[in-house]
Amino acid sequence: MRHFLDIAPLSPAALRAILDEGHRRKAARAGLPKGAVDADAPLQGRLLAMIFEKASTRTRVSFDVGVRQLGGGALVMSAGETQLGRGETVQDTARVLSRMVDAVMIRARRHQDVTAFAAASAIPVINGLTDLSHPCQILADLMAVEERLGPVSGKRVAWVGDGNNVCASYIEAAAAFGFSLTIAAPPAYRPRAQVLQAAVAAGAEICIVDTAADAVNGADVVVTDTWVSMGDNDKDARMAAFPVFQVNEDLMRGAAPHAQFLHCLPAHRGEEATDAVLDGPQSAVWDAAENRIHAQKAVMLWCFGLVGP
Ligand code: CP
Ligand code: NVA
């Protein structure tokens, strides 16, 4: 059973195969209407159920469009409107959905609910964001980097801001894809030590620095995210701690001249990133958002054993 719950458990070869398949499928359907099915329709007859415990625009639309482009279909479940919201266990839900659909994508408040769901599931489960990680986002981001700068291996990536779920997936991706990662975050919002230690043990080159300027110095890629993620309940403390980590034009001048800016979106304009950066020539955020479709198509194919080792 192939679940896509995090970056770390996958081999570098599997991850590379997924990214290459994303690039290949994106190129192969250039110019086609967005709803047109890929010529090989590899998931014809397959159904993806999506469960959302939190809001979503990109994840919801990109999985729905992606599975349709592969010839399959999708259905969306808002967790609060299902029996999950009334206390049915994730395990029982997993057992039932395993009889009704072919794969499940979950966006959950608690990461452990996704791993528990997967353990009880007879079909592939994909993590569509939890409190701890956002692996699909990183694949879409890395596709955008490679489109603009070539192979991500050997590149210098700077993470500026909250050491959150998206940052954790970057940390996990660093070793497998061979990029170095420098992280600048307020002391109270640094990434979890456990994630850092595991990545370093896997061979990742990761550095924690104090200032945003130190992180972006000479970087090929600058990444940030919201200061207040879904589920965070310490907004006031965060709004006080993060302003010195804003990504603006002045900060971007410290990166390499060809540096690309990424943000998973939604953006809080004027907070973690300015309009000039989000909308400027170095912004790859819109390409990365589109790439959610292409990268996740490859993830789904990997889950069904149709891509990669
Ligand atoms: N980046 C991302 O996952 O966006 P949504 O919350 O809109 O799905
Ligand atoms: N870190 C953000 C990402 C949203 C896509 C959150 O968890 O809310």
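Caption draft 1: The arrangement of the overall build of the protein in detail. Helices and strands together make up the secondary structure of the protein, namely 12 helices and 9 strands. What you see for the protein is a C-alpha radius of gyration of 19 Å, in line with the 19 Å of a compact globule of 309 residues. For the protein, the spread of C-alpha atoms along the three principal axes comes to 55 × 45 × 35 Å. Burial statistics for the protein: of 309 residues in total, 55% are counted as buried. By element, 52% of the accessible surface of the protein is carried by carbon and sulfur atoms, the whole surface being about 12,800 Å². The positive charge centre, built from 29 side chains, and the negative charge centre, built from 34, are 6 Å apart in the protein.

Caption draft 2: Broad picture of the site of ligand 2. Around ligand 2, the neighbouring residues are Leu129, Asn164, Asn165, Asp225, Thr226, Ser229, Met230, Cys264 and Leu265. At 2.7 Å, a side-chain N or O of Ser229 approaches a nitrogen atom of ligand 2. When the free accessible area of ligand 2 is taken as 270 Å², the share hidden by the protein chains comes to 94%. Across the shell around ligand 2, the residue classes tally to 4 nonpolar, 4 polar and 1 charged.

Caption draft 3: Looking closely at the sheet that holds strand β5 (residues 156-160). Pairing within the open sheet is parallel, and its 5 strands lie in the order β7-β6-β5-β8-β9. Edge positions in the sheet fall to β7 (206-209) and β9 (260-263), since each of these pairs with one other strand and no more. Recorded for the sheet is a direction-independent mean angle of 20 degrees between the axes of neighbouring strands. Pairing of strand β8 (residues 221-224) with β9, which is carried by 4 bridges, proceeds in the parallel orientation.

Caption draft 4: Fine view of the pattern of salt bridges. Summed over the entire model, instances satisfying the criterion amount to 20 salt bridges. One salt bridge in this structure joins Arg24 and Glu21, with 3.1 Å as the shortest N-O distance. Of this pair, Arg24 and Glu21 both sit in helix α1 (residues 12-28), separated by 3 residues, roughly a single helical turn. Here Arg95 ties to Asp92 by a salt bridge, and the two come within 2.6 Å at their closest N and O atoms. Here the residue Arg95 and the residue Asp92 both occupy positions in helix α3 (residues 90-100), the gap between them amounting to 3 residues, near one helical turn. Residues participating in the shared-partner salt-bridge network are Glu21, Arg24, Arg25, Arg29, Asp38, Asp40 and Lys297.

Caption draft 5: Geometry of the site of ligand 1. Close contacts around ligand 1 come from Ser56, Thr57, Arg58, Thr59, Arg107, His134, Gln137, Cys264, Leu265 and Arg292, and that covers them all. A distance of 2.7 Å separates an oxygen atom of ligand 1 from a polar side-chain atom of Ser56. With respect to ligand 1, the backbone of Leu265 contributes an N or O atom lying 2.9 Å from a nitrogen atom. Compared with its free state, where it exposes 250 Å², ligand 1 has 96% of that area covered by protein. The residue inventory of the shell around ligand 1, partitioned by class, reads 2 nonpolar, 5 polar and 3 charged.

Analysis parameters
- Residues numbered from 1 in each chain as written.
- Chains lettered and ligands numbered in written order.
- Predicted model: local features only at pLDDT ≥ 70, side-chain atom pairs only at ≥ 80, totals over all residues.
- Heavy atoms only, no water.
- Helix = DSSP H or I, 4+ residues; strand = E, 2+ residues; numbered from the N terminus.
- Rg over C-alpha atoms; globule rule 2.2 N^0.38 Å.
- Buried < 20%, exposed > 50% of the residue type's maximum accessible area, 1.4 Å probe, protein only.
- Areas by Shrake-Rupley, 256 points an atom, 1.4 Å probe, with all protein chains shown as cover.
- Lys, Arg positive; Asp, Glu negative; His and termini not counted.
- Charge placed at Lys NZ, Arg CZ, Asp CG, Glu CD.
- Near = heavy atom within 4 Å.
- Polar contact = N/O pair within 3.5 Å; in protein donor to acceptor, adjacent residues only side chain to side chain.
- Nonpolar A, V, L, I, M, F, W, Y, C, P; charged D, E, K, R; others polar.
- Pairing = 2+ DSSP bridges.
- Axes fitted to C-alpha atoms, helices over the stretch in contact; angles between N-to-C directions.
- Salt bridge = Lys/Arg side-chain N within 4 Å of Asp/Glu carboxyl O.

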